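Descriptive structure summary
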Amino acid sequence: MKKVCSKCKQEKLLTEFRKRLNTKGVNVGTSYCKPCAKISGEEWAKKNPEKVKLSVKKAKAKKSEYYKKQNKDWVIANRERVCRREKQRYYDNIDRYRAKERKDYRKRYYGGKDGLYHVYLLPEEHYCGQTDNPRWRKYQHASNGKITDGFEMVMSFKTRKDALKLEGCFHDLGWLGKNANY
Ligand SMILES: [Zn+2]
């Protein structure tokens, strides 16, 4: 079957036109042949850059929405498998994950830094120490099994040296701690 393109007026095979079905569902082809349709589409796009942008954006959103939904549906349908996979991934990379968890934790606790050196006491342990990050230090003590109830900051200094001096005084008075022989 042949058809005349209404743009270039050439008679071409129906396969050289884009598909268009009439009301009976028979392919009658578009009025422009494929090359003419392409050219006229490009001309339209040149004249309507905003419309093109919008339709590209819409198409992208639709696509990503589709994949998102499909992904979600798949996860719901395969929940157990996904959980197993995630768990396995965790155990396969446990060292890396553990290190990351520790790092994240430390990062959170570095919020406790204020640029000063603090001398602190753990009264329950009769322990004295100094640190530039009291929150982190307290957490470390607790995770090492020390009782941190009553954790008390005695004095703060601009330099570690000054903090160590005061800490030394406490050690001289019998308080326990790492720097007993400072
Ligand atoms: Zn044509």
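Below is a summary of the structure that appears in this document. Quantities reported herein were computed from a predicted structural model and do not represent experimental measurements.

1. Some remarks on the overall build of the protein
Across its full length, the protein holds six helices and five strands. Reading the secondary structure of the protein in the N-to-C direction produces β-β-α-α-α-α-β-β-α-β-α. Its C-alpha radius of gyration of 37 Å places the protein more than 25% over the 16 Å reference for a compact globule of 182 residues. For the protein, the spread of C-alpha atoms along the principal axes amounts to about 110 × 40 × 25 Å. Taking all 182 residues of the protein together, the buried fraction comes to 13%. Summarising the internal contacts of the protein: among those between residues at least 6 apart in sequence, 45% fall at separations of at least 24.

2. So, unusual backbone geometry
Most peptide bonds take the trans configuration, and most residues that are not glycine carry a negative phi. Even without a glycine there, the phi angle at lysine 9 is positive, about 65°. Relative to the helices and strands, lysine 9 resides in the loop between strand E1 (2–4) and strand E2 (11–13). Owing to 8 C-beta atoms within 10 Å, lysine 9 belongs among the exposed residues under this scheme. With a phi close to 50°, histidine 126 is a non-glycine residue in the positive phi region. Along the chain, histidine 126 falls in the loop between strand E3 (117–122) and strand E4 (127–131). The exposure class of histidine 126 is exposed, given the 12 C-beta atoms found within 10 Å.

3. Quick notes on the sheet that holds E3
Reading across the sheet, the three strands line up as E4-E3-E5 and stay open at both edges, with antiparallel pairing between neighbours. The sheet terminates laterally at E4 and strand E5 (152–157), the two strands that pair on one side only. Along the sheet, successive strands turn relative to each other by an average axial angle of 20°, direction set aside. Bridge count between E3 and E5: five bridges; the pairing is antiparallel. Its bridge partner being in E5, tyrosine 117 is matched across the sheet by phenylalanine 157. The sheet strands contacting helix H6 (residues 160–172) are E3, E4 and E5, and the helix crosses E4 at an angle near 180°.

4. Some details on the environment of arginine 135
Take arginine 135: it is sitting in helix H5 (residues 134–143). Taking the C-beta count within 10 Å as the criterion, arginine 135 has 15 such neighbours and is therefore assigned partly exposed. As for arginine 135 and lysine 113, which are separated by 22 residues in sequence, their C-alpha atoms are 8.1 Å apart.

5. Side note on the nonpolar core
By size, the foremost hydrophobic cluster in this structure holds nine residues: Tyr117, Val119, Tyr120, Leu122, Tyr127, Cys128, Phe151, Ala163 and Phe170. When contributions to this core are tallied by element, the ones reaching two or more residues are E3, E4 and H6. In terms of residue count, the dominant contributor to this core is E3 (four residues). The contacts of leucine 122, once residues within four sequence positions are left out, are Tyr127, His141, Lys146, Ile147, Thr148 and Phe151.

Calculation rules
Residues numbered from 1 in each chain as written. Predicted model: local features only at pLDDT ≥ 70, side-chain atom pairs only at ≥ 80, totals over all residues. Helix = DSSP H or I, 4+ residues; strand = E, 2+ residues; numbered from the N terminus. Rg over C-alpha atoms; globule rule 2.2 N^0.38 Å. Buried ≥ 20, exposed ≤ 12 C-beta atoms within 10 Å, placed from the backbone. Contact = placed C-beta atoms within 7 Å. Pairing = 2+ DSSP bridges. Axes fitted to C-alpha atoms, helices over the stretch in contact; angles between N-to-C directions. Core = buried A, V, L, I, M, F, W, Y, C linked by C-beta atoms within 7 Å.

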